[in-house]
Amino acid sequence: MLIKNPDDIKSSEITDEKHFRNRRMFIRGVALATTATATGLLYRKLATPNQPPPKADVAQADPVSGYLTPSGEKATPFDDITNYNNFYEFSTNKGGVAPRAKNFVTRPWTVEVGGMVHKPKTFDIDDLIKLAPPEDRVYRFRCVEAWSMIIPWLGFPLKRLLDEVEPMGSAKYLAFTTLLDPERMPNQRGDVLPWPYVEGLRLDEAMHPLTILATGLYGKMLLPQNGAPIRLVVPWKYGFKSIKSIVKIAITDKQPPTTWSDAAPDEYGFYSNVNPEVSHPRWSQATERRIGEWGRRDTLMFNGYGDQVAQLYTGMDLKVNF
Ligand SMILES: Nc1nc2c(c(=O)[nH]1)N[C@H]1C(S)=C(S)[C@@H](COP(=O)(O)O)O[C@H]1N2
Ligand SMILES: [Mo]
């Protein structure tokens, strides 16, 4: 994200994309040549390396075409969502995350929720999933690097977890932390970013019904590259707010630090709402490249979720609070 100049970004994206397209074509070819059952098996195989069998294996009408946004946009293919990733703990190369994260072990796993709450609690991931069974949510996803996807998440509203721990009246923010374990996340031995990765939300943003904790996609458990076993999804914000492999959520009354705004405060703000009118200092945010499509689309204010979320920012100057 920040280490490259715009020209490098272009050339590396092109290289990336070439490999990634070839691979996609290959997988498409295989999928076309096999039956629906075999395709199902392929997904099952992809979804379970070194993990227990998917518990959230919700049957879906058609894993390839059955997922649409309410406005009818088709989900990005599974293979794209699981092979074009940002997850710097494993690799800074989008095509390199999936192979490097393949053997990441996500059980046992706990999420510690504390700070300014009446009932602090450490949740075992599987208890959490039982408590808040994930449901399908097909969301637009927009990375700050100006590409986008449509992702059929399996997740539950973050509010459900907050209701369990009962935030105090004076609480205002949430601070999220990713696992810190250089043995399991090899890039944490280097210093491309300060570790662990951290993110934050205002409490009202966290309570919004569109804000979810995702535990799967395409009806299957999350693969490591997408942030297994649990990651945040805030569809009206740039992708880096969607912190992966969360181990801790602290409720506080102070705006928490966030990894990208600490690393480059002029480039990444705390709010990071998708906003076509506020450019990144090194590139425009007015358009986006939808993965799997040719050409570019206009980026929508709040990533198209303005009707639902604009009121959270009434009276705020979004050019200052970017
Ligand atoms: N812990 C952690 N979370 C992270 C990142 C990361 O490097 N580390 N990258 C972020 C960025 S920049 C994006 S765009 C999304 C990418 O999610 P995806 O690879 O599942 O599409 O994850 C976000 N969450
Ligand atoms: Mo991103």
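What comes next concerns the included structure. (Residues numbered from 1 in each chain as written. Chains lettered and ligands numbered in written order. Predicted model: local features only at pLDDT ≥ 70, side-chain atom pairs only at ≥ 80, totals over all residues. Heavy atoms only, no water.)

1. Concerning empty space enclosed by the protein
With the rule as written, the count across this model stands at four cavities of 30 Å³ or more. When its volume is computed, the largest cavity comes out at roughly 330 Å³. What lines the largest cavity is a set of 25 residues, and nearest its centre among them are Asn86, Phe87, Arg231, Gly239 and Lys244. The element that contributes the greatest number of residues to the lining of the largest cavity is strand E4 (residues 147-157), accounting for four residues. Of the residues in the lining of the largest cavity, the class split is 16 nonpolar, six polar and three charged. (1 Å grid on protein atoms, 1.4 Å probe; cavity = no way out; pocket = protein on both sides within 12 Å on 5 of 7 lines; lining within 4 Å. Points joined across faces, edges and corners; volume = space filled by probe spheres on them. Helix = DSSP H or I, 4+ residues; strand = E, 2+ residues; numbered from the N terminus. Nonpolar A, V, L, I, M, F, W, Y, C, P; charged D, E, K, R; others polar.)

2. Some points on the site of ligand 1
Close contacts around ligand 1 come from 17 residues, with Tyr88, Glu89, Asn226, Ser242 and Lys244 the closest. Within the side chain of asparagine 85, a nitrogen or oxygen atom sits 3.1 Å from an oxygen atom of ligand 1. Take asparagine 226: an N or O atom from its side chain is 2.9 Å from an oxygen atom of ligand 1. Within the complex, the protein chains bury 99% of what would otherwise be the 540 Å² of accessible surface of ligand 1. Here ligand 1 occupies the largest cavity. Of the residues assigned to the shell around ligand 1, the class counts are eight nonpolar, six polar and three charged. (Near = heavy atom within 4 Å. Polar contact = N/O pair within 3.5 Å; in protein donor to acceptor, adjacent residues only side chain to side chain. Areas by Shrake-Rupley, 256 points an atom, 1.4 Å probe, with all protein chains shown as cover. Sits in = over half its atoms within 2 Å of the grid points.)

Functional significance is not addressed by these values, which are geometric in nature.
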